[in-house]
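Tertiary structure, described
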Amino acid sequence: MATLPAFQFESPSVPEAGAAVLFVGKSLTLGGVGQSLDEKSGGAIGRAIKAADFKGDFCKTILILAPAGTDLDQIVLVGLGDETLSERDFAALGGAVMGAVKGLKSVTVVAEADSKEFDAVTASLIAMGMKLRAYDFDLYKTEKGKPKEAAKAAKICIFAADAEGAAKSWETDDAVSNGTILARDLVNEPANVLGPKEFAAKAKALEELGAEVEILKLADLEKLGMNALLGVAQGSVRKPRVAIIKWMGGFNDEAPLVFVGKGVVFDSGGISIKPAAGMEDMKGDMGGAAAVTGLMHALCQRKAKVNAIGIIGLVENMPDGNAQRPGDIVTSMSGQTIEVINTDAEGRLVLADLLHYSKETFKPRFMIDLATLTGAVIVALGAHNAGIFSNSDALCAQLSASGTATGETVWRLPLAKEYDKMIDSRFADMKNTGGRWAGSITAAQFLKRFVGDVDWVHIDVAGTAMDAPKTEISQGWASGFGVRLLDRLVKDNYEG
């Protein structure tokens, strides 16, 4: 695994060694430290700006190697653009910085521009962007068949006017970064390594951060009557698990927030088997459970003042002589019966039992589920927004605001009785798919039948959790989508 950089925050001074990073806006005016470096180098920075025709465009970079008059290895200039920058923009700037200095062992980032010093929150967001950009899942790559030697961690020093405040902000942002990276790791792991049992162990490890974790095994799930979930798992030799992760950092009498994740560690489609092309990507069909696990890691590490519960259903969907068949009817934990029309519409069966269990057991303030549920949501929205479906306008508004702030954006799609009728069954209370049209909506309508009167949002992350477009802070296959989004939702709206 790529070694992630270590960060520290100090009061501004003129960097003397390694690489120095300076920010420059459209005015091309250097801050105080930048002006000192320019003078020390005999005007090398100003000349480089002119020679490269550098305009200060957002996230654009130029390098000045071995600048004369200094002991620096290089100076990196990073453009700020000419617009007012948001929090997500500063994280992106951090990503651009790391893209320019990746591989270097000593880097100083000067958090200033145009004679203005960045505040503590901004300096910390730059560090977050750098850390997320530095991530690289290379665990299984070797050097001529031998394990690669772990690289030494780069030392990143960020010069900030309020260094103490930046370090305090970093305590939170570092926790969220670690949660996002955990989610990426889980999605990137191959299914032969990460089965239901192994995934449950990853959840159990959160006890080291103060979580309470309960693992439900096959006998427990049978006793509870989670037959919808169990039907998905019955074709696999690997037994299902449900992990319940509790972080009770709020008041004793405060109803918990519940986050539910689909954790299909590999989805062959079952008897309704998928085409061979691209099936390897179905190791990532547990992206919802990965996001919930990463979120709980973030909340635990930063000691969030909230009661939160993450519950993930971990199964493998395989074709086998014992596998669930199209046409089978199962009785869910809620008592509602489901005709299985297509065994590749399995994630909603897992979530159905988990949502009912959460509603009845935890009496939550709200429930949010995340799942790589439908290809239809990618047809509708592409890979730049996750689709959300809800019975709560207020919760949707909060979630949308959190998406705008973090860059993990969402778009609300409709629910209506006309769509609900599409999943009525001739032989059972409902069927698990309404057919090709409005596929993401009918999947959400299915889930809605298990949430009762609880405020609820379903987030379909099929287009955003894996193989999403590369950004300044996410360059790999797994994005960790959902961790920063939901942590921000909690922080802005629900912490005491």
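What this report covers is the structure whose coordinates are included nearby.

Calculation criteria
Within each chain, residue numbers correspond to sequence positions counted from 1 in written order. Note on the predicted model: pLDDT of at least 70 is required for a residue's local features to be given, and 80 or more for side-chain atom pairs to be given and counted; whole-chain, interface and lining totals, by contrast, use all residues. Neither water nor hydrogens contribute to the side-chain values; these are computed over all heavy atoms in the structure. The secondary structure listing takes helices from DSSP runs of H or I that are at least 4 residues long and strands from runs of E that are at least 2 residues long, numbered from the N terminus. With the radius of gyration taken over C-alpha atoms, the globule rule is written as 2.2 Å times the number of residues to the power 0.38. For every residue, the accessible area obtained with a 1.4 Å probe (protein chains only) is divided by the maximum for its type, and the residue is called buried under 20%, exposed over 50%, and partly exposed between those limits. For accessible areas, the Shrake-Rupley method is used with a probe of radius 1.4 Å. Any residue's cover is judged against the shown protein chains and nothing else. In this count, Lys and Arg are taken as positive residues and Asp and Glu as negative ones, while His and the chain termini are left out. Taken as the charge centre is NZ of Lys, CZ of Arg, CG of Asp or CD of Glu, depending on the residue. By this definition, two strands are paired if DSSP reports at least two bridges between them. The axes are straight lines fitted to the C-alpha atoms, using for helices just the contacting stretch, and the angles between their N-to-C directions are given from 0 to 180°. We call two residues contacting when some pair of their heavy atoms lies within 4.5 Å. Each patch is built from residues that are more than 30% exposed by relative accessible area and take part in no salt bridge. Like charges join if they lie within 9 Å; nonpolar side chains (Val, Leu, Ile, Met, Phe, Trp, Tyr) join within 5 Å. Here, a salt bridge means any Lys or Arg side-chain nitrogen found within 4 Å of an Asp or Glu carboxyl oxygen. Expected helix span is taken as 1.5 Å per residue step, with the number of steps being one fewer than the number of residues. For Phe, Tyr and Trp, rings pair up if their centres lie within 6.5 Å, where Trp contributes its six-membered ring, and each pair is then called stacked (planes under 30 degrees apart), edge-to-face (over 60) or tilted (otherwise). Think of it like this: strands point away, you trace from the first strand over the helix to the second, and a clockwise trace means the crossover is right-handed. What we call a nonpolar core is a set of buried Ala, Val, Leu, Ile, Met, Phe, Trp, Tyr and Cys residues that are connected through their side-chain atoms within 4.5 Å. Take the far helix as your reference; a near helix turned counterclockwise from it by less than a right angle gives a left-handed crossing, and one turned clockwise gives a right-handed crossing. Should an angle lie under 35 degrees it is considered roughly parallel, over 145 roughly antiparallel, and from 65 to 115 roughly perpendicular; all remaining angles are considered oblique. Throughout this entry, Asp, Glu, Lys and Arg are counted as charged residues, while Ala, Val, Leu, Ile, Met, Phe, Trp, Tyr, Cys and Pro are counted as nonpolar. The remaining residues, Gly among them, count as polar.

1. Details of the overall build of the protein
The helix and strand inventory of the protein stands at 15 helices and 21 strands. For 496 residues, the compact-globule estimate of 2.2 N^0.38 gives 23 Å, and the C-alpha radius of gyration of the protein, at 24 Å, lies within 12% of that figure. By principal-axis analysis of the C-alpha atoms, the protein measures approximately 80 × 55 × 40 Å. Buried positions account for 56% of the 496 residues belonging to the protein. Working note: accessible area of the protein is about 20,200 Å², and carbon and sulfur atoms make up 50% of it. Charged side chains in the protein number 52 positive and 63 negative. The centres of these two groups are separated by 3 Å.

2. Quick notes on the sheet that holds strand β1 (residues 6-10)
Strand order in the open sheet made by the six strands is β1-β10-β5-β2-β4-β3, with mixed pairing throughout. Each edge of the open sheet carries a strand with a single partner, namely β1 and β3 (61-65). Across the sheet, the mean angle from the axis of one strand to that of its neighbour is 20°, orientation sign disregarded. Across the sheet, helix α3 (residues 87-101) lies against β2 (19-24), β3, β4 (74-79), β5 (106-110) and β10 (155-159), angled at about 150° from β4, the strand it touches most.

3. A closer look at a nonpolar patch on the surface
A surface patch of nonpolar side chains, about 250 Å² in accessible area, is lined by Leu-139, Tyr-140 and Val-193. By the secondary structure assignment, Tyr-140 is in the loop between α4 (120-134) and β8 (142-143). Residue Tyr-140 is classed as partly exposed on the basis of its relative accessible area of 46%.

4. Re the pattern of salt bridges
Counted by the stated rule, this structure contains 21 salt bridges. Residues Glu-316 and Arg-238 are paired through a salt bridge, measuring 2.9 Å at the closest nitrogen-oxygen approach. Here the residue Glu-316 occupies a position in strand β14 (residues 307-317), and Arg-238 occupies one in the loop between α8 (227-233) and β12 (241-248), the gap between them amounting to 78 residues. A relative accessible area of 7% means that Glu-316 is categorised as buried. Accessibility expressed as a relative area gives 22% for Arg-238, which makes it partly exposed. The shortest N-O distance in the salt bridge between Lys-359 and Glu-360 comes to 2.5 Å. Given the relative accessible area of 39%, Glu-360 is considered partly exposed.

5. Remarks on unusual backbone geometry
For Leu-28, which is not a glycine, the phi torsion comes out positive at approximately 60°. With respect to the secondary-structure elements, Leu-28 resides in the loop between β2 and α1 (32-40). A relative accessible area of 30% means that Leu-28 is categorised as partly exposed.

6. Thoughts on α3
Between its first and last C-alpha, α3 extends 22 Å over 15 residues, near the 21 Å set by a 1.5 Å rise per residue. In this structure, the buried residues of α3 make contact with β2, β3, β4, β5, α4 and β10. Immediately beyond the C-terminal end of α3, within one or two residues, lies Gly-103, with a positive phi of roughly 100°.

7. Concerning the sheet that holds strand β16 (residues 337-339)
If you walk across this open sheet you meet the three strands as β15-β16-β20, and the pairing is mixed. Each edge of the sheet is formed by a strand with only one pairing partner; in this case those strands are β15 (329-331) and β20 (430-431). Sheet analysis places β15 next to β16, joined by three bridges and oriented antiparallel. What sits directly across from Val-330, in β16, is Ile-338.

8. Points about the packing of aromatic side chains
Scanning the entire structure with this criterion turns up nine aromatic pairs. Relative to Tyr-140, the ring of Phe-137 has its centre 6.0 Å away and its plane inclined at 55°; by these criteria the two rings are tilted. Plain terms: the ring middles of Phe-259 and Phe-366 are 5.7 Å apart, the flat faces sit at 80° to each other, and that makes the pair edge-to-face. Separated by 107 residues along the polypeptide, Phe-259 in strand β13 (residues 257-267) and Phe-366 in strand β17 (residues 366-371) bring together distant segments of the chain.

9. Some thoughts on the pairing of β13
Of all 11 residues in β13, 11 are buried; the element is thus mostly enclosed. As judged from the 10 bridges shared by β13 and β14, these two strands associate in the parallel manner. Bridging from a neighbouring strand, Phe-259 pairs with Gly-310 of β14. Read from β13 through helix α9 (residues 287-301) to β14, the crossover connection turns out right-handed.

10. Topic: the side chain of Ser-358
Within the secondary structure layout, Ser-358 lies in helix α10 (residues 347-362). Setting aside residues no more than four positions away along its own chain, Ser-358 makes contact with Val-258, Val-260, Ile-311, Lys-363, Pro-364 and Met-367.

11. Quick notes on the nonpolar core
Grouped together as the largest cluster of nonpolar side chains are 57 residues, with contacts concentrated most on Phe-199, Phe-259, Ile-368, Ile-459 and Leu-486. A per-element tally of this core places α9 first, with eight residues. What Phe-259 contacts, discounting residues up to four positions off in sequence, is Val-292, Leu-295, Ala-308, Ile-309, Gly-310, Ile-311, Phe-366, Ile-368, Leu-486 and Val-490. In this structure, Phe-23, Val-101, Ile-126 and Val-176 belong to the second largest nonpolar core, which totals 43 residues.

12. Digging into the packing of helix α5 (residues 163-188) against helix α15 (residues 483-493)
The interhelical angle for the contact between α5 and α15, taken along N-to-C directions, is 145°, at an axis separation of 9 Å. As for how α5 packs across α15, the hand of that crossing is right-handed. Seen from α5, the contacting residues are Thr-172, Val-176, Gly-179, Thr-180 and Ala-183; seen from α15, they are Val-483, Arg-484, Asp-487 and Lys-491.

13. Here's the deal with the packing of α5 against α9
The relative placement of two packed helices is expressed as an angle between their axes plus a distance between the axes. Two numbers describe how α5 lies on α9: the axes approach to 8 Å, and their chain directions differ by 155°. Here α5 is positioned roughly antiparallel relative to α9, judged by the angle of their axes. Our pair here, α5 against α9, has a crossing hand that is right-handed. Between α5, through Asp-174, Ala-175, Val-176, Asn-178, Gly-179, Leu-182, Ala-183, Leu-186 and Val-187, and α9, the contact on the second element is made entirely by Gly-287, Ala-290, Ala-291, Thr-293, Gly-294, His-297, Ala-298 and Gln-301. Residue composition of the contact of α5 with α9, by class: nine nonpolar, seven polar and one charged.

Honestly, that's just the spatial picture; any functional story needs more than this.
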